[in-house]
Protein chains: 2
Amino acid sequence: MDHIDRALLEQLQQDATQSYAALGQAVGLSTGAAHERVRKLREHGAIRRTTADVDPSALGYGVLAYVTVDSTRWMGDTAPEFAALPEIVEAHIIAGNASVLVKVRTASTEQLQDVLRRIHAIDGVNGTRATIVLESLFERPASPYGAGAAG
Amino acid sequence: MDHIDRALLEQLQQDATQSYAALGQAVGLSTGAAHERVRKLREHGAIRRTTADVDPSALGYGVLAYVTVDSTRWMGDTAPEFAALPEIVEAHIIAGNASVLVKVRTASTEQLQDVLRRIHAIDGVNGTRATIVLESLFERPASPYGAGAAG
DNA sequence: ACAAGAGACCGAACAACCTTCGGCCTCATT
DNA sequence: AATGAGGCCGAAGGTTGTTCGGTCTCTTGT
């Protein structure tokens, strides 16, 4: 994972449809060498997959909310129960007052309420606190640079 | 935006590297028709871009945190100031106690502290509350289904 | 009812690209 | 100094992207 790999990741985050020839030229490598580098990045899991970034509003998701979930039991093995709700796009175990933080996208506030109801139905859950997003300033992938020298 | 478009989006979210022939076969269309559909999905902004999903830990980001930001002024036009910090991967204006919610990835808690310091330096910011993520259960794209009928 | 037009699909053809391979170079090891 | 591994380049062939003409099905207007 050197600076060329980071440059490749940066390029592929911006546009994964570009050719290996263009990719190689962007980082100063031949087509074959760029291909080999990217193949290894995939193989080692640095690139988990290449995916289409879909606009949530095009899917009818106009409402975004973060919900903290309180519980009376250990939530470390409840991933399937949260994943079963398609409106939940992220779920994390957190330190602090609540046990779990989930990110929810719905078409309406009524539908958000329904998701909260279904979260309450999960075993051990005894409370939720929803925070509605009024406007998203930006959402972007993690930068391959800026993580480098922690000191 | 019919059920075929949604099936195409589902396919492309899972794997954007598959051929148009495979894509067409998955949704019951010819190669040319699948290509034309996807072209229009891009043109209309439903597909914002196709991108490599990079593992944050491969970039050295071992720490994930959500930070609520309190402020003494209107934060609706501060997107550039938050975007200037590469460790911030999301920023939202929220309803509720705080003004802004940001998602932060860093290599260490020391680096997280440094990000908090730089957030404090933004004009109008007078407080932050960080919530550390202990374990991510999952992070996934929004489902093309499940947004449709609210009932 | 019927003609006209738009939109979408199919199948095929050509250009562009992916993928692999042999050969070369560099560097670390012995 | 010899050896082996790893990475790069350039080229070749098989695969894919992209375009285009023709056909079909709806919708629109008279």
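In case you missed it, the structure is sitting above this.
Computed from a predicted structure; not experimentally measured. Every chain is numbered independently, its residues counted from 1 as its sequence is written. For naming, the first written chain is A and the first written ligand is 1, with later ones following in the order written. The predicted origin of the model limits local features to residues at a pLDDT of at least 70 and limits the giving and counting of side-chain atom pairs to 80 or more, whereas totals for whole chains, interfaces and linings rest on all residues. Side-chain calculation: all heavy atoms of the structure are included, whereas hydrogens and water are not.

Draft legend 1. View of the overall build of chain A. Secondary structure assignment for chain A yields five helices and five strands. Secondary structure elements are taken from DSSP: a helix is a run of H or I of four residues or more, a strand is a run of E of two residues or more, and numbering for both begins at the N terminus. Each helix and strand of chain A, ordered N terminal to C terminal, gives the series α-α-α-β-β-α-β-β-α-β. What the globule rule says is 2.2 Å times the number of residues to the power 0.38, and the radius of gyration is computed from C-alpha atoms. For chain A, the C-alpha radius of gyration of 20 Å lies well beyond 15 Å, the compact-globule estimate for 151 residues. Principal axes of the C-alpha set define a box for chain A whose edges measure 55 × 35 × 30 Å. Put simply, chain A has 151 residues, and 47% of those count as buried. By definition, residues are in contact when any of their heavy atoms lie within 4.5 Å. Counting contacts in chain A only where the partners sit at least 6 residues apart, residues at least 24 apart contribute 64% of the total. For chain A, the computed accessible surface area is about 7000 Å², with 50% contributed by carbon and sulfur atoms. This count recognises Lys and Arg as positive and Asp and Glu as negative, with His and chain-terminal groups excluded. Lys charges are placed at NZ, Arg charges at CZ, Asp charges at CG and Glu charges at CD. Positive and negative side-chain charges of chain A, numbering 14 and 18 respectively, have mean locations separated by a distance of 4 Å. Burial classification: accessible surface area is computed with a 1.4 Å probe over protein chains only, and a residue below 20% of its type maximum counts as buried, one above 50% as exposed, and the rest as partly exposed. All accessible-area figures derive from a Shrake-Rupley calculation using a 1.4 Å probe, and residue coverage is judged against the displayed protein chains alone.

Draft legend 2. Layout of the protein's contact with DNA strand C. Surveying the vicinity of DNA strand C reveals the residues A:Ser19, A:Tyr20, A:Thr31, A:His35, B:Leu29, B:Ser30, B:Ala33, B:Arg37 and B:Lys40. For DNA strand C, the fraction of protein-proximal atoms (within 4 Å) that sit in sugar or phosphate groups is 85%. Counting of polar contacts relies on pairs of N or O atoms within 3.5 Å, with two restrictions inside protein: one atom must be capable of donating a hydrogen and the other of accepting it, and residues adjacent in sequence are counted only when both atoms are side-chain atoms. Contact between DNA strand C and B:Ser30: a phosphate oxygen at 2.5 Å from a main-chain N or O atom of the residue. The separation between a phosphate oxygen of DNA strand C and a polar side-chain atom of B:Arg37 is 2.7 Å. Going through the elements one at a time, helix H3 (31–43) of chain A together with helix H3 (31–43) of chain B are the ones with two or more residues in the surface near DNA strand C. The element best represented in the surface near DNA strand C is H3(B), accounting for three residues. By convention in this text, a residue qualifies as near a molecule or strand provided that one of its non-hydrogen atoms is within 4 Å of it.

Draft legend 3. Spatial organisation of the protein's contact with DNA strand D. Residues in contact with DNA strand D, as listed here, are A:Leu29, A:Ser30, A:Ala33, A:Arg37, A:Lys40, B:Ser19, B:Tyr20, B:Thr31 and B:His35. Each atom of DNA strand D within 4 Å of the protein belongs either to a base or to sugar and phosphate, the latter forming 86%. Secondary structure elements with two or more residues in the surface near DNA strand D: H3 of chain A together with H3 of chain B. With three residues, H3(A) is the largest single contributor of residues to the surface near DNA strand D. When residue character is reported, Ala, Val, Leu, Ile, Met, Phe, Trp, Tyr, Cys and Pro are called nonpolar, Asp, Glu, Lys and Arg charged, and the others, Gly included, polar. Partitioned by chemical class, the residues of the surface near DNA strand D number three nonpolar, four polar and two charged.

Draft legend 4. Geometry of the interface of chain A and chain B. On the chain B side, the residues contacting the 64 residues of chain A number 65 residues. Here the buried area means the combined drop in accessible surface, using a 1.4 Å probe, for two parts upon being joined, counting both sides. With both sides pooled, the region where chain A packs onto chain B buries about 6000 Å², and carbon together with sulfur makes up 57% of that total. Each reported salt bridge corresponds to a side-chain nitrogen of Lys or Arg within 4 Å of a carboxyl oxygen of Asp or Glu. Here chain A is connected to chain B by eight salt bridges. One salt bridge in this structure joins B:Glu90 and A:Lys103, with 2.9 Å as the shortest N-O distance.

Draft legend 5. Highlighting helix H5 (residues 109–120) of chain B. All names here are of chain B. A helix is expected to reach a length of 1.5 Å times the quantity of its residues less one. Here H5 spans 16 Å end to end across twelve residues, near enough to the 16 Å set by a 1.5 Å rise per residue. The complete set of buried residues in H5 reads Gln111, Leu112, Val115, Leu116 and Ile119. The buried residues of H5 occupy an angular sector of 150° when projected down its axis, which confines them to one face. Residues of H5 that are exposed and angled more than 90 degrees away from the buried face: Glu110, Gln113 and Arg117. Lining the buried residues of H5 we find strand S2 (63–71), helix H4 (79–83), strand S3 (88–94), strand S4 (100–106) and strand S5 (125–139). The reported arc concerns the directions from the helix axis to the C-beta atoms and nothing else.

Draft legend 6. Structural detail: helix H1 (residues 3–14) of chain B. End to end, H1(B) covers 17 Å across twelve residues, agreeing with the expected 16 Å (1.5 Å per residue, within 8%). Where H1(B) is concerned, the buried positions are B:Ile4, B:Asp5, B:Ala7, B:Leu8, B:Leu9, B:Leu12 and B:Gln13. Along its buried surface, H1(B) packs onto strand S1 (47–54) of chain A together with helix H2 (20–27), H3 and strand S1 (47–54) of chain B.

By themselves, these are just geometric observations and shouldn't be taken as functional.
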